[in-house]
Every structure is written in structure tokens, then in C-alpha cells.
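Observations on the model geometry
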Amino acid sequence: MTRLNAKSSNRTVLLIGTVIAAVLIALVVFAARPAGSASSGTKTFDLTGQPVLGQASARVTVVVFEDFKCPNCKRFEEETFPVIQSKYIDTGKVRFSMLPFPFIAQQNSLPVDDSKLAAEAGLCAFDQKPELFWTYTPIIFRAQGPENQVWASKDRLVELAGNVDGIDTAKLRSCLDAGTNAAKVDTGEAQATKAGVNGTPSVFVNGALTGDYSAATVSAAIDRALK
């Protein structure tokens, strides 16, 4: 059996000691690192010029990407949003924004992209007065037709707007005809694509995608973010 001589043994012991010390230092640094300093996979969204509800000082921001032709989005608006509004938005805990991700009309190869038209119409109402967005868009969802049919035509969207006090339907029609908000819808869609959104509704709480869009899941995510 070959044995190390005393001098080689000392060098080996020193090397092992150095490696152990380096590992211990790395572990201490990792443990001391503040929570959230590692990549958490959260997304950041630009809400400039987009419809927003709630106080700017709210600790939690909820962003939902929706398509007006999406049945699950209609369900979110009817079942989940009222819970979020009463528990968190109206109490100053959450700032909420709805961004467009209009893909269903194109996915169904429809002759008219009424997914995008509906998104533009909502923003046309927003341009007249921000609060009108939040009274007009529920009406669009309630009028939702089949995914594989064009139902959100310009004429229909203007007709629906006539049910909202305060909306100038002539201005809304002009806004749609001019494509005034087409670029803004594209901006929202680009943010969705960048965030990896592949369906609607997609709900983000402080930039983190929730597991689903149910009131229970979204509320739980908000409650965690508020701790």
C-alpha cells in the first residue's frame, strides 16, 4: 500500500479545510439573503393609461387578462370579481386592472376580429370617462355569444353602450371606426405574451400567476400577499 508522506498529508488536510470553509461561507450567505432576492418568476405590468380600480397606495395589485368572447372570463366577472371588489378593492387593499388578451376570434378564424373590437370598445368608453369602462364591460360580457360566431360587431357594441348612462354612443362609434384604441389593445396583448399568458382569464397577484380564477384561489393569493 502506498502511503502519503507527512508533507503531502498536511497539504491535503489544508486543501480540504479550505473547501469546507468556502462551502460554509456560501451557506451562511444564502441563508442571510433577504426573501425574494432570488428570481421569483413574478411579472411586472405597465398599467399606464389602462383601466384601474382601487387606491394607488394599495399593497396588492391584481391584473387579469381577459377576452370578451371567453366564457370563463364571463364567469370570472360574474362570480369572482364581485368578491374581490367588495373584500379588497373597496376596502383599499387591492388595486385592480383588466388588460385585453383578444385571441379567440383569430383562433376560430372568424372574418371579423370581434375579440379585439370588444376590447377596443371598452377602452373607448374608458376614454370618455374612466368609470364608464367598469359599467359598460359587464354589459358586453352579459351579451356574450358563441365563441365561433361574430357577435361583438361595431353595431352591436354601440347598441350595448346605449344601455349605459353617460356614454356618448356617437363618440364611441367614431372611436371604433377610427381604431383609436387598437394600439392600446395591442400593448395589452403584448404584455400578456411577454408574461407567458396562454389562456383567459389569467389572474396575477403582485405579478404572480394564480392557480385558477376562482374567488377562493384569488382571495387566498391576495391574503398571502397582504401578510
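A few words now on the sheet that holds strand E5 (residues 208–209). The strand order E1-E3-E2-E4-E5 describes an open sheet built from five strands, whose pairing is mixed. A single partner strand is all that each edge strand has here, and the edge strands are strand E1 (52–53) and E5. Summarising the sheet, strand E4 (residues 202–205) and E5 pair through two bridges and their orientation is antiparallel. For Phe204, the partnering residue across the bridge sits in E5 and is Leu209. Where helix H2 (residues 71–89) meets the sheet, its contacts fall on E1, strand E2 (60–66), strand E3 (94–100) and E4, and the angle it forms with E3 comes to roughly 160 degrees. Helix H5 (residues 130–142) rests against E1, E2 and E3 of the sheet, and its axis sits at about 50 degrees to E3.

Here the focus is the confidence of the model for the protein chain. Per-residue confidence for the protein chain averages 87 on the pLDDT scale, and 82% of its residues sit at or above 70. Predicted confidence for residues 1–40 stays below pLDDT 50, and this span has two contacts to residues more than four positions away or in other chains.

Across its 13 residues, helix H8 (residues 182–194) extends 18 Å between first and last C-alpha, which sits within 8% of the 18 Å expected from 1.5 Å per residue. Looking only at H8, the buried set comprises Ala182, Val185, Gly188, Gln191 and Ala192. At the C-terminal side of H8, Gly196 shows a positive phi close to 80 degrees.

One pass over the structure, following the stated rule, counts one disulfide. Each sulfur in the disulfide pair Cys124 and Cys175 lies 2.0 Å from the other. The S-S bond linking Cys124 to Cys175 shows a torsion near -80 degrees; that makes this disulfide left-handed. A residue pair is termed long-range when its members are at least 10 positions apart, and Cys124 in helix H4 (residues 114–128) and Cys175 in helix H7 (residues 169–178) qualify at 51 residues. Each member of the pair, Cys124 as well as Cys175, is classed as buried.

Quick look at the packing of H4 against H7 now. In the contact formed by H4 and H7, the axes pass within 9 Å of each other and the chain directions differ by 130 degrees. What the angle tells us is that H4 and H7 run oblique. Relative to H7, the crossing made by H4 is right-handed. For the pair H4 and H7, the contacting residues are Leu117, Glu120, Ala121, Cys124, Ala125, Asp127 and Gln128 in the first and Lys171, Leu172, Cys175 and Leu176 in the second. Here the residues of the contact of H4 with H7 are counted per class, giving seven nonpolar, one polar and three charged.

In this section: the environment of Ile140. Considering the arrangement of structural elements, one finds Ile140 in helix H5. With a relative accessible area of 0%, Ile140 lands in the buried category. In sequence terms Ile140 and Lys69 are 71 residues apart; their C-alpha atoms lie 9.2 Å from each other. Contact partners of Ile140, with chain neighbours within four places excluded, come to Phe68, Ala118, Trp151, Leu157 and Leu160.

Position of Leu99 relative to the elements: it lies in strand E3. Taking the C-alpha atoms as reference, Leu99 lies 8.8 Å from Ala119; in sequence the two are 20 residues apart.

The next point concerns the pairing of E3. Summarising burial for E3: six of the seven residues are buried, a large majority. Both E1 and E3 contribute to a ladder of two bridges, which runs antiparallel. From the neighbouring strand, Val52 faces E3, where its bridge partner is Ser97. Considered for its hand, the β-α-β crossover made up of E2, H2 and E3 is right-handed.

Parameters and conventions
- Numbers given to residues run from 1 along each chain, matching the order in which its sequence is written.
- The model is predicted, so local features are restricted to residues of pLDDT at least 70 and side-chain atom pairs to those at 80 or more, both for listing and for counting; the totals for chains, interfaces and linings are taken over all residues.
- Only hydrogens and water are removed before side-chain values are computed, so all heavy atoms of the structure are retained for them.
- Two strands pair under a simple rule: DSSP has to find at least two bridges between them.
- Every helix listed is a DSSP run of H or I at least four residues long, and every strand listed is a run of E at least two residues long, numbered separately from the N terminus.
- Every residue pair with non-hydrogen atoms within 4.5 Å of one another is taken to be in contact.
- Each axis is a line fitted through C-alpha atoms, and for a helix only the stretch in contact is used; angles between axes span 0 to 180 degrees, taken between their N-to-C directions.
- The predictor reports its confidence for every residue as pLDDT, a score running from 0 up to 100.
- Any helix carries an expected span of 1.5 Å times its number of residues minus one.
- Each residue gets one of three labels from its accessible area relative to the maximum for its type: buried under 20%, exposed over 50%, partly exposed in between, using a 1.4 Å probe on protein chains only.
- Here, the term disulfide refers to a pair of cysteine sulfur atoms separated by no more than 2.5 Å.
- Reported orientations rely on four angle classes, namely roughly parallel under 35 degrees, roughly antiparallel over 145, roughly perpendicular from 65 to 115, and oblique for the rest.
- Left-handed describes a crossing whose near helix is turned anticlockwise from the far helix by less than a right angle; the clockwise case is right-handed.
- For this classification, Asp, Glu, Lys and Arg are treated as charged, while Ala, Val, Leu, Ile, Met, Phe, Trp, Tyr, Cys and Pro are nonpolar and the rest, including Gly, are polar.
- Think of it like this: strands point away, you trace from the first strand over the helix to the second, and a clockwise trace means the crossover is right-handed.

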